[in-house]
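# Architecture at a glance
Residue strings, one per chain:
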Amino acid sequence: MVLLVSSSRHPDKWIVPGGGMEPEEEPNVAAAREVCEEAGVKGTLGRLVGIFENRERKHRTYVYILIVTEVLEDWEDSVNIGRKRDWFKIDDAIQVLQCHKPVQATYFEPLKDGCLTSNGTPLVATIGGDLSPTYNISQSSVSGIR
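Because the structure is predicted, anything quoted here is derived from the model rather than measured. Sequence positions are assigned chain by chain, starting from 1 and proceeding in written order. Under the rules for a predicted model, residues below a pLDDT of 70 receive no local features and side-chain atom pairs below 80 are neither given nor counted, while totals for whole chains, interfaces and linings still include all residues. Only heavy atoms go into the side-chain values, all of them from the structure, while hydrogens and water stay out.

## Re the overall build of the chain
Rules: A run of H or I in DSSP counts as a helix once it spans at least four residues, and a run of E counts as a strand once it spans at least two, with each numbered from the N terminus. Only protein chains enter the calculation, and the probe is 1.4 Å; a residue is then buried if its accessible area is under 20% of its type maximum, exposed if over 50%, and partly exposed in between. Contacts are residue-level and defined by heavy atoms, with any inter-residue pair within 4.5 Å sufficient. To measure how exposed things are, a 1.4 Å probe is used in the Shrake-Rupley method; for residues, cover is taken only from the protein chains shown.
Regarding its fold elements, the chain presents five helices and six strands. Element order for the chain, N to C, with α for helix and β for strand: β-β-α-β-β-α-β-α-α-α-β. Evaluated residue by residue, the chain yields a buried proportion of 43% over its 146 residues. When contacts within the chain are restricted to residue pairs at least 6 apart in sequence, long-range pairs at least 24 apart make up 64% of them. Here the chain has roughly 7800 Å² of accessible surface; of this, 48% comes from carbon and sulfur atoms.

Right under this line is the structure:
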């Protein structure tokens, strides 16, 4: 299972939890911080699923696995902007992301091949970006963690 969150811009659409990196912050640290802020989950960061580059937009996205150890009842984005979260089977997550965030749907393809075992522990794909000071912090920037 993977966890998606409602989009802040389009609350009826689902997205992968993530966000911007702080200056000097490593992608894996940013990923763990942002998934807590956006999805209200904490855990142990697992392996890097993949690095996705968009040369047109000049950004790089790192996708990690998070083995969830704590699910918060209230979290920053649920309180501040009413963000929701929900668990999806991998195929269902890919399907709901296809029309709104097709690039994010590709993040889960490596997981479909069964190259990951979780012993029943919920998993969250979290994303860390490669920071470059020449781009603003947004979903489509080099520092984006989506």
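## Digging into the sheet that holds strand 2 (residues 14-15)
Inclusion rule: A pair of strands is treated as paired once DSSP finds two or more bridges between them.
Taken in spatial order, the three strands line up as 2-1-5 in an open sheet, and their pairing is antiparallel. Here the strands that pair on one side only, and so sit at the sheet edges, are strand 2 and strand 5 (85-88).

## Let's talk about helix 3 (residues 90-100)
Helical geometry note: an α-helix holds 3.6 residues per turn, so side chains three or four residues apart project in the same direction. The cut-off we apply is this: It is the directions from the helix axis to the C-beta atoms whose arc is reported.
Taken together, the buried positions of helix 3 are Ala-93, Ile-94 and Leu-97. Down the axis of helix 3, the buried set is contained in an arc of 100°. They therefore lie on one face. Turned more than 90 degrees away from the buried face of helix 3 sit Gln-95 and Cys-99, all of them exposed. Looking at the packing, one finds that the buried side of helix 3 touches strand 1 (2-6), strand 2, strand 5, helix 4 (102-106) and helix 5 (109-112).

## Things to note about the side chain of Glu-38
To keep it simple, the criterion reads: Think of a polar contact as two N or O atoms within 3.5 Å of one another; within protein, one of them needs to be a possible hydrogen donor and the other a possible acceptor, and neighboring residues in sequence only count if both atoms come from side chains.
Note on placement: Glu-38 falls in helix 1 (residues 27-39). Among the residues examined, Glu-38 registers a relative accessible area of 5% and is labelled buried. For Glu-38, the side chain forms a polar contact with the main-chain nitrogen of Gly-18, separated by 3.0 Å.

## As for the pairing of strand 4 (residues 59-71)
For strand 3 (residues 41-54) and strand 4, the ladder comprises 11 bridges, and the chain directions are antiparallel. Paired with Asn-54 across the bridge in strand 4 is His-59. Connecting the antiparallel pair strand 3 and strand 4 is a turn made up of four residues, with Lys-58 showing a positive phi of about 55°.

Without other data, these values stay purely geometric and don't point to any function.
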